[in-house]
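A structural walkthrough
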Amino acid sequence: MANLKAIHSTIKVKSIQGRYITNDDVFPFLEKLEQKFVVENIGISVLGKTIKSVTFGTGVHKIFMWSQMHGNESTTTKAVLDLLNFMSVDSDLAVTILEKCTIKIIPILNPDGAEVYTRVNANEVDLNRDAQNRLQPESRVLRDTYEKFQPDYCFNLHDQRTIFNVGPTAKPATVSFLAPAHDEERSISETRGESMQLIVAMNQELQKYIPGQVGRYDDGFNANCVGDTFQMLNKPTILFESGHFPEDYEREETRALIFCAILKGVRIIAEQTIGEYEQKKYFEIPENGKLFYDILIKNIEIISNSLPKDTSVGILFKEQLVSKKITFIPKIEKIEKFDSYFGHVTYNCLNINDLKKIEADKILYHLLIRN
């Protein structure tokens, strides 16, 4: 099969980029879709914003995807728009998918959260902890759509923080997957096993582009989470987590990789070749660690004489919405002696060139001096 990442470069929706994605970005794109894409208003948010779905294909294998359940997790939204663009092109793979599958996508489930760039909805509720009670209108929209569509497979699309690494390595978890548990024992039902096999297939594809940068998300059971709930309903469900790629805080590189993973998964479902992938290889994907800082500065005592020798500073960026653009504000997370962590950017104050770079970065330098 052709290089999926190369395909992405030809169909990427270039008009929609960056981290801040709202209905105002997505709806104009949906309005221009061809007639084979059925765009519907399926509900409204707490603040009355429209929630839309897109349905396409005529096949028997039904796939349900939803993105931006958390309003500040937009990478997968960009990826599903790229998928829609790919399906508009007359390729052999697109034709096969349209013939074999019926796919329904909710690009933005939480438009209120997306508007103000928050994880929660306008009632300050995490929709991914509302799967059982469904007290929020967005939760009811998701479940009602699920019940009406009756999917065979579910793709639960999210972003994850920059803190995650793969296993014990210094490689970022650029993409992570999870076959959610359906019980406290985290046993493997037939449908959870199918989820694992699909993840094996997608991981195999991603290793071509980001070797060693795919992780396995924590599988602790929580019935209030949507993925666990749908798995409990005997529907193979996959959690996608879009993570950090070096120097890609806008997550455009990760967007391409999520597109590759989604397209590979859909292709495997269309061709019904899930059985070719060994379930046991799911457990060979390393679990996520939490060992990254955005900036790691070693031997900070060179700048601050009050600190003991070999002190390091771990800095994480706080994402803040300013004039419809996300800015990344450095915040000190930890100041102490630690050797087991990694930095997406690492400085050592014993190195004169690194010290000059810190001093030249006025925001960073004053942050360190204040602390």
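Here is a short report on the structure shown in this document. Treat the numbers as computed from the prediction; the structure is a model and nothing was measured.

**A closer look at the overall build of the chain**
- Across its full length, the chain carries 11 helices and 14 strands.
- Here the chain has a C-alpha radius of gyration of 21 Å; the compact-globule value for 371 residues is 21 Å, and the two agree.
- Referenced to the eigenvectors of the C-alpha coordinate spread, the extents of the chain come out at roughly 70 × 45 × 40 Å.
- Once local pairs closer than 6 in sequence are excluded, the contacts in the chain between residues at least 24 apart make up 76%.
- Accessible surface, the chain as shown: approximately 16,000 Å² in total, 47% of it carbon and sulfur.
- Looking at charge distribution, the chain has the averaged site of its 44 positive side-chain charges lying 3 Å from that of its 50 negative ones.

**As for the sheet that holds strand E1 (residues 38–44)**
- One open sheet holds the 8 strands; their spatial order is E1-E2-E4-E3-E5-E9-E7-E8, and the pairing between them is mixed. Either end of the sheet is taken by a strand with one partner, and the two such strands are E1 and strand E8 (214–216). Neighbour-to-neighbour, the strand axes of the sheet open up by a mean angle of 20°, direction not taken into account.
- Note: strand E7 (residues 175–178) against E8, 3 bridges, orientation parallel. Bridge pairing in E8 places Ser176 opposite Gly215.
- Running over the sheet, helix H6 (residues 137–149) touches E1, strand E2 (50–56), strand E3 (61–66), strand E4 (101–106) and strand E5 (153–159) and is turned about 170° from E3.

**Description of the environment of Glu138**
- Along the polypeptide, Glu138 turns up in helix H6.
- C-alpha separation for the pair Glu138 and Ile44, spaced 94 residues apart in sequence, amounts to 7.2 Å.
- Apart from residues no more than four positions distant in its own chain, Glu138 is found in contact with Ser45, Val46, Ile51, Leu109, Asn110, Asp112, Asn121 and Leu127.
- A polar atom in the side chain of Glu138 sits 3.1 Å from the side chain of Asn121.

**Here we look at the packing of aromatic side chains**
- In the structure shown here, the tally under the stated rule is 17 aromatic pairs.
- Ring centres of Phe64 and Trp66 lie 5.1 Å apart, and the angle between their planes is 45°; this geometry places the pair in the tilted category.
- Owing to a relative accessible area of 0%, Trp66 belongs among the buried residues under this scheme.
- Relative to Phe230, the ring of Trp66 lies with its centre 5.4 Å away and its plane at 80°, an arrangement referred to as edge-to-face. Of this pair, Trp66 sits in strand E3 while Phe230 sits in helix H8 (residues 226–232), placing them 164 residues apart in sequence.
- The exposure class of Phe230 is buried, given its relative accessible area of 3%.
- Grouped by ring-pair contacts, the aromatic residues Phe64, Trp66, Tyr146, Phe149 and Phe230 constitute a single cluster.
- It is Arg216 that lies over the ring of Tyr282; its NZ or CZ is 5.5 Å from the centre.

**Side note on H6**
- If you check H6, its first and last C-alpha atoms are 18 Å apart, about what 13 residues at 1.5 Å a residue would give, namely 18 Å.
- Looking only at H6, the buried set comprises Pro137, Glu138, Ser139, Val141, Leu142, Arg143, Thr145, Tyr146 and Phe149.
- Just beyond H6, the residue with positive phi is Gln150, at close to 50°.

**Re the pattern of salt bridges**
- Within the structure shown, the criterion is met by 20 salt bridges.
- Across the pair Asp82 and Arg255 runs a salt bridge, and its minimum N-O distance is 2.7 Å. With Asp82 in helix H3 (residues 75–88) and Arg255 in helix H9 (residues 252–271), the pair connects residues that are 173 residues apart, well separated along the chain. Take Asp82 and Arg255: they sit in the same class, and that class is buried.
- Look at the salt bridges and you will find they share partners, linking Lys12, Lys78, Asp82, Glu252 and Arg255 into a network.

**Let's talk about the packing of helix H7 (residues 190–206) against H9**
- Between H7 and H9, the shortest axis-to-axis distance is 9 Å and the interhelical angle comes to 135°. Put simply, H7 runs oblique to H9. Considering only the axes of H7 and H9, their crossing is right-handed. Residues Leu198, Ala201, Met202, Gln204, Glu205 and Leu206 of H7 lie in contact with H9, whose contacting residues are Leu257, Cys260, Ala261, Ile262, Lys264, Gly265, Ile268 and Ile269.
- For the contact of H7 with H9, the residue count by class is 10 nonpolar, 2 polar and 2 charged.

**Quick look at helix H2 (residues 23–31)**
- Taken together, the buried positions of H2 are Asn23, Val26, Phe27, Phe29 and Leu30. Seen from one end, H2 has its buried residues packed into an arc of 160°, which puts them on one side. Counted as exposed and oriented over 90 degrees from the buried face of H2: Asp24 and Glu31.
- Contacts from the buried residues of H2 go to E1, E2, H3 and helix H5 (111–116).

**Considerations on unusual backbone geometry**
- One non-glycine residue, Gln68, lies in positive phi territory at about 50°.
- Structurally, Gln68 can be placed in the loop between E3 and H3.
- We classify Gln68 as buried; its relative accessible area is 0%.
- Of note, Gln150 is a non-glycine position whose phi angle comes to about 50°, a positive value.
- Along the chain, the position of Gln150 falls in the loop between H6 and E5.
- What makes Gln150 partly exposed here is its relative accessible area of 35%.

Basis of the calculations
- Residues numbered from 1 in each chain as written.
- Predicted model: local features only at pLDDT ≥ 70, side-chain atom pairs only at ≥ 80, totals over all residues.
- Heavy atoms only, no water.
- Helix = DSSP H or I, 4+ residues; strand = E, 2+ residues; numbered from the N terminus.
- Rg over C-alpha atoms; globule rule 2.2 N^0.38 Å.
- Contact = heavy atoms within 4.5 Å.
- Areas by Shrake-Rupley, 256 points an atom, 1.4 Å probe, with all protein chains shown as cover.
- Lys, Arg positive; Asp, Glu negative; His and termini not counted.
- Charge placed at Lys NZ, Arg CZ, Asp CG, Glu CD.
- Pairing = 2+ DSSP bridges.
- Axes fitted to C-alpha atoms, helices over the stretch in contact; angles between N-to-C directions.
- Polar contact = N/O pair within 3.5 Å; in protein donor to acceptor, adjacent residues only side chain to side chain.
- Phe/Tyr/Trp six-rings, centres within 6.5 Å; stacked < 30°, edge-to-face > 60°.
- Buried < 20%, exposed > 50% of the residue type's maximum accessible area, 1.4 Å probe, protein only.
- Lys NZ or Arg CZ within 6 Å of the ring centre and 35° of its normal.
- Expected span 1.5 Å × (residues − 1).
- Salt bridge = Lys/Arg side-chain N within 4 Å of Asp/Glu carboxyl O.
- Parallel < 35°, antiparallel > 145°, perpendicular 65-115°, else oblique.
- Left-handed = near helix turned anticlockwise from the far one by under 90°.
- Nonpolar A, V, L, I, M, F, W, Y, C, P; charged D, E, K, R; others polar.
- Arc of directions from axis to C-beta.

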